[in-house]
Amino acid sequence: IFSSAGINKDMYDALMKEIDEVGNPPAGLILHAASFDDKGGVHVADVWASPDELNDFVSSRLMPAMARHNAPAPDVQVFPVHDINAYASVDQFKV
């Protein structure tokens with residue numbers, strides 16, 4: 001889970017455009033969901049196939065893009081998935 005009070009919607013959208021997760025999905029990314037709190041800060045929940053694939057994406061694509069946009073480093077918490085289920089309604093979000 002990535003959270004940052006210093007990344008607003010415009011900065012998030014610019015980062016996502018540069019990272020191009022939709023057009024060029026990183027290896028191991030299973031799910032990406034982003035939201036914004038009442039103060040405009042971003043909160044991102046990702047599910048990855050492995051910690052190594054997450055770390056590769058962060059070091060090779062995310063952090064360089066964040067540096068180019070002067071985005072502050074987010075607070076990061078990583079939790080191993082205990083259980084995951086995908087239901088038919090998930091199809092509406094497939095890219």
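Residues numbered from 1 in each chain as written. Predicted model: local features only at pLDDT ≥ 70, side-chain atom pairs only at ≥ 80, totals over all residues. Heavy atoms only, no water.

Visitor: It is not clear to me how helix α1 (residues 9-19) should be interpreted in this structure. Could you clarify?
Guide: Residue pairs spaced three or four apart in an α-helix point in one direction, given the helix's 3.6 residues per turn. For α1, every residue scored as buried is listed here: Y12, L15, M16 and I19. Projected onto a plane normal to the axis of α1, the buried residues spread over an arc of 100 degrees and lie on a single side. The exposed residues of α1 that point more than 90 degrees off its buried face are D10 and K17. Against the buried residues of α1 lie β2 (29-36), β3 (42-48) and α2 (51-68). Count one or two residues on from α1 and you reach D20, which has phi positive near 55 degrees. (Buried < 20%, exposed > 50% of the residue type's maximum accessible area, 1.4 Å probe, protein only. Helix = DSSP H or I, 4+ residues; strand = E, 2+ residues; numbered from the N terminus. Arc of directions from axis to C-beta. Contact = heavy atoms within 4.5 Å.)

Visitor: Hey, could you run me through the pairing of β2 in this one?
Guide: Side-chain direction in a regular strand flips from residue to residue, so the side chains alternate between the two faces of the sheet. Where β2 and β3 come together, 7 bridges link them in antiparallel fashion. Bridged to L31 within β3 is V47. In sequence, β2 turns back onto β3 through a hairpin of 5 residues, with G40 there showing a positive phi of about 95 degrees. (Pairing = 2+ DSSP bridges.)

Visitor: Which parts of the structure should I look at to understand the side chain of S4?
Guide: Relative to the helices and strands, S4 resides in strand β1 (residues 2-4). A distance of 3.2 Å separates the side chain of S4 from the backbone nitrogen of G6, its partner in a polar contact. Those residues in contact with S4 that sit more than four places away from it in its chain are G41, V42, P72 and P74. (Polar contact = N/O pair within 3.5 Å; in protein donor to acceptor, adjacent residues only side chain to side chain.)

Visitor: Explain the packing of α1 against α2 to me, please; I cannot follow it from the model alone.
Guide: Helices that pack against each other are described as a pair by the angle of their axes relative to one another and the distance between those axes. For the pair α1 and α2, the least separation of the axes is 10 Å and the interaxial angle reads 130 degrees. By the angle class used here, α1 and α2 are oblique. As for how α1 packs across α2, the hand of that crossing is right-handed. Together, L15, E18 and I19 of α1 and F57, R61, L62, A65, M66 and R68 of α2 make up the contact between the two elements. Of the residues in the contact of α1 with α2, the class split is 6 nonpolar, no polar and 3 charged. (Axes fitted to C-alpha atoms, helices over the stretch in contact; angles between N-to-C directions. Parallel < 35°, antiparallel > 145°, perpendicular 65-115°, else oblique. Left-handed = near helix turned anticlockwise from the far one by under 90°. Nonpolar A, V, L, I, M, F, W, Y, C, P; charged D, E, K, R; others polar.)

Visitor: Mind showing me how you'd approach a nonpolar patch on the surface here?
Guide: Where nonpolar side chains cluster on the molecular surface, the patch consists of I30, L31, V81 and I84 and spans about 370 Å² of accessible area. Locating I30 in the fold gives a position in strand β2. Among the residues examined, I30 registers a relative accessible area of 53% and is labelled exposed. (Patch = residues over 30% accessible without salt bridge, like charges linked within 9 Å, V, L, I, M, F, W, Y side chains within 5 Å. Areas by Shrake-Rupley, 256 points an atom, 1.4 Å probe, with all protein chains shown as cover. Salt bridge = Lys/Arg side-chain N within 4 Å of Asp/Glu carboxyl O.)

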